[in-house]
Amino acid sequence: MEKKNLDWANLGFGYMTTDYRYVANYKNGAWDKGGLTDDPTVTLNECAGIFHYCQEIFEGLKAYTTEDGHIVTFRPDLNAVRMMDSAKRLEMPPFPAERFLEAVEEVVKANAAWVPPYGSGASLYVRPYMFASSPVIGVKPADEYQFRILVTPVGPYFKGGVHPLTICVSDFDRAAPHGTGHIKAGLNYAMSLHAYVTAHQNGYDENMFLDPATRTYVEETGGANFIFIDKEGTLVIPKSDSILPSVTRRSIAVVAKDILGMKVKERPVKLAELSDFAECGVCGTAAVVCPVGKVVDHGREICFPSGMESMGPVIQKLYDTLTGIQMGKIEGPAGWVHKI
Ligand code: PLP
Ligand code: COI
């Protein structure tokens, strides 16, 4: 199979139209057979539920080419389950996990020419999503839904690749107590856009959102979870019911504990204790693992000892091990790397 003629090493994190996408429809209480299409457009009724009451959920995972030339995805079973959890919270019909996995496989295989080659630093971003497709005008769940998967080749999420970020503590909340912060619903991202634009206008790379009830604990950014390394070298992970349970963060916790022999603590992290940490980073499918050099809380600068030049040594080790497993260079736990 011949690869597309793209400048793989210089891709940004953007969308381009690829050859095939997967589509399935839910109608009369059941999902249809589904399949691939080459049509990238979606045509819906003007009153479709997605447009008015924002019934939409999505996922994000990546397909890579390993060192020995296989196309693989990383722990897609966790995305399948998380999407079912998201669906239940928004009163949408869950797309069954086994069908999710088959659909990912089918759409990645069909777009194999778009999967970046090993060593390019790029990957194929896989975006499953589902939305209310039938008309609703009173506030209630729709009767019909569409599940789709698009794929697009991507480079690094943050401009300029992996370099320490400067993050500001946001004055806005991305989630509500007992709300939808723990699921992957488009509405959470709409909520975060004003904060994102404001942070950028003020020269910051991203926001640190705080817990919406007390605004004293660290939550996450608009698209990634935080990780911290304390002065004893322990991995500290913020615990909260209103952040997304990141597949990357859960994998890093296992890598730290079982492969690198580190101590791992998952607990609420106070904004007030940030200056006690040696290293800080953000992690997610799109972001992978990115170091944070500085957090600014209304003029108060918290500079991590790891500095603004490079990744701290512990986060570097976590990054190398995780990406080594994803690329097939390091043997990871059974079932993590899924061959297409
Ligand atoms: N937090 C938010 C709000 C996200 O959108 C994402 C991205 O999916 C993450 C965290 C990281 O999650 P994952 O590692 O599963 O991609
Ligand atoms: C992902 O990491 O897959 C996400 O969905 C985050 C998004 C901000 C790109």
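Residues numbered from 1 in each chain as written. Chains lettered and ligands numbered in written order. Predicted model: local features only at pLDDT ≥ 70, side-chain atom pairs only at ≥ 80, totals over all residues.

*Asks:* Looking at this structure, I do not really get the packing of helix α5 (residues 247–259) against helix α6 (residues 313–326). What am I missing?
*Replies:* Think of two packed helices as two axes; the pair is described by the angle between the axes and how far apart they sit. Put simply, α5 and α6 touch, their axes get as near as 10 Å, and they point 105° apart. Classified by the angle between their axes, α5 and α6 sit roughly perpendicular to one another. Here Ser251, Ile252, Val255, Ala256 and Ile259 of α5 lie close against α6, whose contacting residues are Leu318, Thr321 and Leu322. Its residues assigned to classes, the contact of α5 with α6 shows six nonpolar, two polar and no charged. (Axes fitted to C-alpha atoms, helices over the stretch in contact; angles between N-to-C directions. Helix = DSSP H or I, 4+ residues; strand = E, 2+ residues; numbered from the N terminus. Parallel < 35°, antiparallel > 145°, perpendicular 65-115°, else oblique. Contact = placed C-beta atoms within 7 Å. Nonpolar A, V, L, I, M, F, W, Y, C, P; charged D, E, K, R; others polar.)

*Asks:* Before we go on, may I ask you to explain the UniProt feature "modified residue: N6-(pyridoxal phosphate)lysine" (unreviewed entry) in the protein in this structure?
*Replies:* Per the UniProt record, "modified residue: N6-(pyridoxal phosphate)lysine" (unreviewed entry) is found at Lys184. As for its placement among the helices and strands, Lys184 is situated in the loop between β9 (165–169) and α4 (186–201). Overall, the presence of 22 C-beta atoms within 10 Å leaves Lys184 in the buried class. Excluding anything up to four places from it in sequence, Lys184 contacts Ile57, Phe58, Glu59, Arg82, Ser86 and Leu244. (UniProt positions renumbered as here; feature names shortened; annotations may be inferred. Buried ≥ 20, exposed ≤ 12 C-beta atoms within 10 Å, placed from the backbone.)

*Asks:* Where do I start with the site of ligand 2 in this structure?
*Replies:* Close contacts around ligand 2 come from Gly60, Gly223, Gly284, Thr285 and Ala286, and that covers them all. For the shell around ligand 2, the class distribution of residues is one nonpolar, four polar and no charged. (Near = placed C-beta within 6 Å.)

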